[in-house]
Amino acid sequence: MIIQSERELEHKHKRQARLINIALLILLFTTALIALCIGKYPLKPLSALAVLFGKANLHDVMDYHVVLGLRLPRIIASIICGAALASSGTAYQGIFKNPLVSSEFLGVSQGACVGAAIAILLSASAAQIQLFAFLGGLLAVGLTLLIPALMRNNSNLMLVLSGIIIGGAMSSVLGFIKYIADPETELAAITYWQMGSFSYITSDQLASVLLPMGLASLCLFGLSWRIDILSLGESEAQTLGTNVPLVRIFTIICATLLTASSVSIAGTISWVGLIIPHFGRILVGTGNTRLLPTACLGGALFLLTVDTVTRTATAAEMPISILTGLIGAPLYAWLLYKRRMIIN
Amino acid sequence: MIYEVNNISFAYPNTEKLILNEVSFSLARGEILSILGPNGAGKSTLLNCLAGLVKPTHGEILLDGKDISDLPGKNIAQKIGYVQQAHTPAFSYSVFEFVLMGRAPKISFFGRPQKKDEELVWQTLEIMKITHLANRPYTQLSGGERQQCVIAHVLVQEPQAILFDEPTASLDYGNQARILRLIKRLSAQGYAIIMTTHNPDHAMLLGGKTALFAQAGKLSCGKTSEIITEESLQKIYHTDVRLLYVDALQRQACLHAKL
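Residues numbered from 1 in each chain as written. Chains lettered and ligands numbered in written order. Predicted model: local features only at pLDDT ≥ 70, side-chain atom pairs only at ≥ 80, totals over all residues.

1. Here we look at the overall build of chain B
Along its length, chain B carries nine helices and 12 strands. The C-alpha atoms of chain B give 19 Å as radius of gyration, which agrees with the globular expectation for 259 residues (18 Å, within 12%). Across its three principal directions, the C-alpha atoms of chain B cover 55 × 45 × 30 Å. By the burial criterion, 45% of the 259 residues in chain B qualify as buried. At a minimum sequence separation of 6, the contacts of chain B that also span at least 24 residues come to 64%. (Helix = DSSP H or I, 4+ residues; strand = E, 2+ residues; numbered from the N terminus. Rg over C-alpha atoms; globule rule 2.2 N^0.38 Å. Buried ≥ 20, exposed ≤ 12 C-beta atoms within 10 Å, placed from the backbone. Contact = placed C-beta atoms within 7 Å.)

2. Considerations on the environment of A:K40
In this fold, A:K40 is placed in the loop between helix 1 (2-37) and helix 2 (45-52). Put simply, A:K40 and A:T312 are 272 residues apart on the chain and 7.4 Å apart in space, counted from C-alpha to C-alpha.

3. Quick notes on the pairing of strand 9 (residues 209-213) of chain B
All names here are of chain B. Burial runs high along strand 9: five of the five residues are buried. The two faces of strand 9 match: K209, A211 and F213 on one face and T210 and L212 on the other face are all buried. Bridging between strand 3 (residues 32-36) and strand 9 involves four bridges; their strand directions are parallel. Across the sheet, residue L33 finds its bridge partner in strand 9, namely K209. In this sheet, strand 10 (residues 219-223) lies alongside strand 9 in antiparallel orientation, the contact comprising five bridges. Each bridged residue has a counterpart across the sheet, and for A211 the counterpart in strand 10 is C221. Linking strand 9 back to strand 10 in an antiparallel pair, the connection comprises five residues, with A216 at a positive phi of about 40 degrees. (Pairing = 2+ DSSP bridges.)

4. Details of the sheet that holds strand 2 (residues 20-27) of chain B
All names here are of chain B. The antiparallel open sheet is built from four strands, whose spatial order is 2-1-4-5. Lying at the two open borders of the sheet, with one neighbouring strand each, are strand 2 and strand 5 (66-67). Relative to strand 4 (residues 58-63), strand 1 (residues 3-10) is paired through five bridges, and the arrangement is antiparallel. The partner of N6 across the bridge, within strand 4, is E60. On top of the sheet, helix 1 (residues 43-50) reaches strand 1, strand 2 and strand 4; it is set at about 125 degrees to strand 1, its chief contact. (Axes fitted to C-alpha atoms, helices over the stretch in contact; angles between N-to-C directions.)

5. Description of helix 4 (residues 115-127) of chain B
Residues and elements named next belong to chain B. Taking 1.5 Å of rise per residue, the 13 residues of helix 4 would be expected to cover 18 Å, and the 18 Å separating its terminal C-alpha atoms lies within 8% of that figure. All of the buried residues along helix 4 are V121, T124 and L125. Down the axis of helix 4, the smallest arc covering the buried residues is 100 degrees, so these residues share one side. For helix 4, the exposed residues lying more than 90 degrees away from the buried face are K115, K116, E119 and I127. Looking at the buried residues of helix 4, the elements they touch are helix 3 (95-100) and helix 5 (143-155). (Expected span 1.5 Å × (residues − 1). Arc of directions from axis to C-beta.)

6. Topic: the sheet that holds strand 9 of chain B
Pairing between sheet strands relies on hydrogen bonds along the backbone, with the strands arranged either parallel or antiparallel. Residues and elements named next belong to chain B. The strand order across the open sheet built from six strands is 6-7-8-3-9-10, with neighbouring strands paired in mixed fashion. A single partner strand is all that each edge strand has here, and the edge strands are strand 6 (80-83) and strand 10. Geometrically, the sheet is characterised by an average inter-axis angle of 15 degrees between neighbouring strands, direction not taken into account. By the bridge criterion, five bridges tie strand 7 (residues 161-165) to strand 8 (residues 192-197) in an arrangement that is parallel. Considered in strand 8, the bridge of I162 is made with I193. Relative to strand 8, helix 1 is tilted by about 155 degrees, and along the sheet it contacts strand 3, strand 7, strand 8 and strand 9.

7. Some remarks on the interface of chain A and chain B
Facing 31 residues of chain A, the contacting portion of chain B comprises 31 residues. Looking at the side of chain A that touches chain B residue by residue, the class counts come to 10 nonpolar, 14 polar and seven charged. (Nonpolar A, V, L, I, M, F, W, Y, C, P; charged D, E, K, R; others polar.)

8. Digging into the packing of helix 11 (residues 272-284) of chain A against helix 12 (residues 288-312) of chain A
Residue and element names in this part refer to chain A. Between helix 11 and helix 12, whose axes approach to 8 Å, the crossing angle comes to 125 degrees. The pairing of helix 11 with helix 12 is recorded here as oblique in orientation. Crossing handedness for the pair helix 11 and helix 12: right-handed. Residues V272, I276, P277, F279, G280, R281, L283 and V284 of helix 11 lie in contact with helix 12, whose contacting residues are R290, L291, T294, A295, G298, G299, F302 and L303. (Parallel < 35°, antiparallel > 145°, perpendicular 65-115°, else oblique. Left-handed = near helix turned anticlockwise from the far one by under 90°.)

9. Examining the environment of A:L159
Residues and elements named next belong to chain A. Position of L159 among the secondary structure elements: in helix 6 (residues 156-180). A residue is classified by how many C-beta atoms lie within 10 Å of it, and L159, with 23 of them, is buried. Between the C-alpha atom of L159 and that of E186, which follows or precedes it by 27 residues, the distance is 34 Å. Non-local contacts of L159, meaning those with residues more than four positions away in its chain, are made with F96, N98, V101 and P148.

10. What to know about unusual backbone geometry
All names here are of chain B. A positive phi is found at D64, a non-glycine position, where the angle reads about 55 degrees. Summarising the element assignment, D64 is placed in the loop between strand 4 and strand 5. Assessed through the 15 C-beta atoms surrounding it within 10 Å, D64 is described here as partly exposed. One non-glycine residue, E166, adopts positive backbone phi at about 45 degrees. On the secondary structure map, E166 appears in the loop between strand 7 and helix 6 (173-188). For E166, a count of 21 C-beta atoms within 10 Å gives the class buried.

Okay, here's the thing in structure tokens:
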């Protein structure tokens, strides 16, 4: 009797996770369609769809320009960046067995920002900016891991503090870069991009990040069960025959690549990588095989919604980080309160 | 022989002190070895060596005839299950998910568990009589329940030997007995068992072999009834310990003389 009911319950959880993912996917498509239609030049859903599938009248040039030239790249960018940030946050939290970290709390975002800013100073191409952002992010996470290792202190708090130290140092370096940047041209570019924005996304930029993002997330999906094992702790994972350094480095590379790609096209966008995984856990549980897809969809939906609101709510568009912070900070405080037992 | 341990020594890097000093013993399937010794004597270090987590500085450990330091972690994990001292994971996996992770040594780098792995977990939960816990968060279990789950997690590894690091620590009196009974049953099923404990009476209840950390990393190993004596216990614990034959129980028991 017990066996049957417990098995059914476990199957039910699995089915629920699938249903939640399907629901999120439908919601994401609906939101994307709404986002295509609203803005300073409103469109009817049908005409937006017509443009999308190439069925509209060719003399509606404005429709074509707004949908394909402006809104679609921006919508795709916010979707892939949301998915990338949320899945990298999930992966970092898993391998560091620490629910309090994400790319911005490990200094990765700031490091990627420094790398990208240097590339902007050197007037590099989109691909080069991305490479510099990746190297900067990798350097930052390496330094963040170094401090707890040197102090022989593996606690969650130590890692978070170390991330704050490196993040702070990287922000200072960024400040210096801005200080020496040409105030007429580079400074404005760096500042605006650093605040996080999808307003100047071009299809070229999108094309340059799609491949690295796709590969990195595929690898993370493949590794998701190993990340579970690593989250049990280092020696436990080792007794289960897992090559801990290999899984850890592989995951760090993938997660950093995701963050850096997102930073290189949209600047630093905080909070997504931190809070979305927690909401995913509430929805589908802790196992990363279920959590990663849900976090991806949740992050995409969240960032698309926030970007659409920043784009349409006020006459002059505000940087997206303002809104993610306004939403993310109180939500995180609420999560800390709700999960305080577990964090202790 | 599952284990043949030949003259292993261990010292931490850049230190002189030998934690293990020329330790040797062997263990066959179905045998139980209890390891006794004062705090800090090197019991956990010995288990970590046996699990392949740390490498002895000298000597060799043969696992099924092969030198353990030549074996990849995955091959070791397919032969040895290790129940480490209780830890609290950062994430609240369900008991089912946690036990399923025991299948890791049998699953490829990018792989994930299949139907047959899940089936084995259900069977093991059933054998351990903890099916009712399957969907509970692992972090919210009591000490005794958690220990049972960890053992189920190790059993789905399908090992030949199981190492226990103080399996009865922080358990209440009844749960201590339950875990010991389980360990005895596992050895009867053919698993080789190596267990550290602070309670000589547990070693006596289990019978089999006992190894005693006498002094400075030296280990004396043999039949439990020969190794555990009043003299040997008084020597390692520096307190007055008595071995008494209790008629009502028809066995020897180990007791403190007085405080």
